[in-house]
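Summary of the model geometry
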Amino acid sequence: MILTSIISFLLKINLSNIFGEFFINDYLLNHNIQTKGGGVVNDLVTYWKYILLLKEDFFNLFNLTLGEDGVLFLNFPLHPLIFSQIGYLESIDSYLKSIFIISLFFPIIVYFTLSKRFKDLDKSILFLLSSLIYIFPVFQFTSIWGNNHITALIFFCSGIFFLNSFINTNFNKITYLIISIIFFALACYTRQTYVFFFVYLISYIYKKINFKNLLYILFFIFICSLPGFYFLFKNPLLFLVINQDITNFNSAILVSGSIILFYL
């Protein structure tokens with residue numbers, strides 16, 4: 001299964017726009033990348049430009065306002081911030097290779113997370129379920145094109161792993177819960193849509209821990225959210241973008257289909 005992802009990466013198959021119009025992305029063509037246009041391809045252009053701006057000056061994170069200063073990056077900036085600080089990533093090619101290699105470890109994280117949660121199930125079944133991720137279109141096109149979905153999923157799945165560890169201690173070892181919250185926060189600072197998971201998390205632990213610890217956890221979540229509130233205030237487009245019609249239909253179908261297939 002992993003070979004399908006490797007072949008897709010080498011051929012640069014854009015599964016997110018496989019039925020779309022054929023036109024070459026001029027920006028990527030200058031980097032010797034020939035591909036059809038599409039959602040994740042256009043995202044790559046935006047990501048790389050933003051990474052270069054942060055590489056040029058870390059404080060551009062605060063000096064630039066998204067959508068006003070020539071940058072249209074519509075997610076929280078942790079993903080480009082991380083990769084802008086990696087010294088050897090001097091070209092878009094090295095960036096794509098790094099993301100793809102990192103993405104290959106994501107199904108492994110899923111496997112250990114499932115093993116932590118479903119201890120009585122046959123490990124070979126869990127291994128098969130985890131391996132299926134390699135052939136999912138949403139995994140392939142996000143890993144091929146350096147999308148921040150992969151980074152967010154790694155953080156989110158790591159948070160689930162430690163949440164399961166907390167559950168396995170009969171909700172006694174709060175340290176595991178704190179670590180899981182940190183990973184969930186990192187997922188939110190990569191893609192802000194993950195913030196809705198905190199609604200579920202708080203409702204879930206509400207009756208599982210004592211009131212004193214609950215107050216500590218709520219305060220810790222509030223502290224973790226402060227940088228996000230500041231960045232959102234500085235970049236209101238992150239909130240207002242929900243009113244814009246920018247979703248690629250083909251991409252949305254593949255993403256939704258992958259999620260449904262995974263749960264089935």
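Predicted model only: the values in this text are computed from it and were never measured.

Let's shift gears to the packing of aromatic side chains. Under the definition given, this model contains 23 aromatic pairs. With 5.2 Å between their ring centres and 45° between their planes, Phe156 and Tyr194 make a pair best called tilted. Here Phe156, found in helix H10 (residues 148–168), pairs with Tyr194, found in the loop between helix H11 (174–188) and helix H12 (197–205); they are 38 residues apart in sequence, far enough to count as distant. Both residues of the pair, Phe156 and Tyr194, belong to the buried class. With a centroid separation of 6.4 Å and an interplanar angle of 35°, the aromatic rings of Phe162 and Tyr176 are classed as tilted. In this pair, Phe162 sits in helix H10 while Tyr176 sits in helix H11, placing the two residues 14 residues apart along the sequence. For Tyr176, a relative accessible area of 25% corresponds to the partly exposed category. Through pairs of rings, three or more aromatic residues link up here, namely Phe156, Phe166, Phe171, Phe184, Tyr194, Phe197, Phe198, Tyr200 and Tyr204. Looking at Lys208, its charged tip hangs above the ring of Tyr204, at a distance of 5.5 Å from the centre.

With phi around 60°, Asn170 is a residue other than glycine that occupies positive phi space. Counting through the fold element by element, Asn170 comes out in the loop between H10 and H11. By relative accessible area, which is 55% here, Asn170 ends up exposed. Despite not being glycine, Phe171 shows a phi value in the positive range, around 65°. One can find Phe171 in the loop between H10 and H11.

Criteria and thresholds
- Residues numbered from 1 in each chain as written.
- Predicted model: local features only at pLDDT ≥ 70, side-chain atom pairs only at ≥ 80, totals over all residues.
- Heavy atoms only, no water.
- Phe/Tyr/Trp six-rings, centres within 6.5 Å; stacked < 30°, edge-to-face > 60°.
- Helix = DSSP H or I, 4+ residues; strand = E, 2+ residues; numbered from the N terminus.
- Buried < 20%, exposed > 50% of the residue type's maximum accessible area, 1.4 Å probe, protein only.
- Lys NZ or Arg CZ within 6 Å of the ring centre and 35° of its normal.

Taken by themselves, the reported measurements are silent on function.
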